[in-house]
Amino acid sequence: MDFLHRHIEALIFCAPTPLPKAEIVKCLSEMFEAEIPGDHVDQAINDLSEKYQSEEFSFQLEHSGGGYQFLTKPAYQTSIGILLRQQSQKRLSTAQLETLSIIAYKQPVTKGDIEQIRGVNSDYSVQKLLEKELVDIKGKSEGLGRPLLYGTSDKFMEYFGINSLKDLPQPKDFSQPENQIGDERD
């Protein structure tokens, strides 16, 4: 069954986005002209995941964005950070992050709703997020003028390494201790 591992490894390696298990099974079934059991694919993925946990590899197999992909291990975060900083055209500005946060938590949302929350015009930020394919147009609102509705894309999930919107931090995760005036006394 080692051949199955190598084929799965090649598929995941070549996929530009996280590769779902169903797509792996479909590709392998077509290639071998036979039904490939899902549990064989699961076992091969587990074996590959264990293999890449070894220190000799700088990357590992991760389940992210609804599929599987190879990602660099945290120990190499600094060198990858330098590379990503150098590729600044892909970075998100503060305004884009604010806009993206609003879209992620309030979707589907209109640009007017985004601007009402932010208090500033968001045309440029929304346009850049569309260009970077982090948000999609989800339809039109039933409201006055039928404005466009925006929501996050699959690329958003991949970009932030999450599998669903349920993985986003919840507001309770950001709670801060109540402010106190003066020193605490025992």
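Rules behind the numbers
- Residues numbered from 1 in each chain as written.
- Predicted model: local features only at pLDDT ≥ 70, side-chain atom pairs only at ≥ 80, totals over all residues.
- Heavy atoms only, no water.
- Helix = DSSP H or I, 4+ residues; strand = E, 2+ residues; numbered from the N terminus.
- Buried < 20%, exposed > 50% of the residue type's maximum accessible area, 1.4 Å probe, protein only.
- Contact = heavy atoms within 4.5 Å.
- Areas by Shrake-Rupley, 256 points an atom, 1.4 Å probe, with all protein chains shown as cover.
- Patch = residues over 30% accessible without salt bridge, like charges linked within 9 Å, V, L, I, M, F, W, Y side chains within 5 Å.
- Salt bridge = Lys/Arg side-chain N within 4 Å of Asp/Glu carboxyl O.
- Pairing = 2+ DSSP bridges.
- Axes fitted to C-alpha atoms, helices over the stretch in contact; angles between N-to-C directions.
- Core = buried A, V, L, I, M, F, W, Y, C linked by side-chain atoms within 4.5 Å.
- Polar contact = N/O pair within 3.5 Å; in protein donor to acceptor, adjacent residues only side chain to side chain.

Re the overall build of the protein chain
Phase 1: Scanning the protein chain for helices and strands turns up 8 helices and 5 strands.
Phase 2: Taken from the N to the C terminus, the helices and strands of the protein chain come in the order α-α-α-β-β-α-α-β-α-α-β-β-α.
Phase 3: Of all 186 residues assigned to the protein chain, the portion counted as buried reaches 29%.
Phase 4: Put simply, 45% of the contacts in the protein chain that link residues at least 6 apart link residues at least 24 apart.
Phase 5: Approximately 12900 Å² of the protein chain is accessible, and the part contributed by carbon and sulfur atoms is 51%.

Quick word on a nonpolar patch on the surface
Phase 1: A contiguous nonpolar surface patch, about 250 Å² in accessible area, is contributed by Y76, I80 and L84.
Phase 2: By the secondary structure assignment, L84 is in helix α4 (residues 77-86).

Notes on the sheet that holds strand β4 (residues 135-140)
Phase 1: The 3 strands lie next to each other as β3-β5-β4, forming an open sheet whose pairing is antiparallel. Two strands lie at the open edges of the sheet, namely β3 (109-110) and β4, each paired on one side alone.
Phase 2: In this structure, β3 lies alongside strand β5 (residues 148-152), joined through 2 bridges in antiparallel fashion. Residue pairing across strands places V109 opposite Y150, the latter belonging to β5.
Phase 3: Strands β3, β4 and β5 of the sheet are contacted by helix α5 (residues 94-106), whose axis makes an angle of about 95° with β5.
Phase 4: Running over the sheet, helix α7 (residues 123-131) touches β4 and β5 and is turned about 110° from β4.

Considering the nonpolar core
Phase 1: In this structure, I8, I12, I24, L28, V41, I45 and L61 are the most contacted members of the largest nonpolar core, which totals 17 residues.
Phase 2: Among the elements that line this core, the one with the most residues is helix α3 (residues 38-51), at 4 residues.
Phase 3: Ignoring any residue separated from it by four or fewer positions in sequence, one finds L28 in contact with L4, H7, I8, L11, I36 and V41.

Describing the pattern of salt bridges
Phase 1: Under the definition given, this model contains 8 salt bridges.
Phase 2: Here D42 ties to K21 by a salt bridge, and the two come within 3.0 Å at their closest N and O atoms. Remark: K21 occurs in helix α2 (residues 21-32) and D42 occurs in helix α3; sequence separation between them is 21 residues.
Phase 3: Of the residues examined, D42 reaches a relative accessible area of 30% and is grouped as partly exposed.

Overview of the side chain of R118
Phase 1: Topologically, R118 is positioned in helix α6 (residues 111-118).
Phase 2: Ignoring any residue separated from it by four or fewer positions in sequence, one finds R118 in contact with A95, E98, T99, I102 and S125.

Observations regarding the environment of L165
Phase 1: By secondary structure assignment, the location of L165 is in the segment after α8 (154-160).
Phase 2: Assessed through its relative accessible area of 32%, L165 is described here as partly exposed.
Phase 3: Sequence separation between L165 and T152 is 13 residues; the distance between their C-alpha atoms is 9.1 Å.
Phase 4: Beyond its immediate stretch of four places on either side in the chain, L165 contacts A104, Q107, T152, F156 and M157.

Examining the side chain of Q60
Phase 1: Along the chain, the position of Q60 falls in strand β1 (residues 59-64).
Phase 2: In this structure the side chain of Q60 is engaged in a polar contact, spanning 2.7 Å, whose partner is the side chain of E62.
Phase 3: Q60 has contacts with Y52, Q53, Q69, F70, L71, K73 and P74, leaving out every residue within four places of it along the chain.

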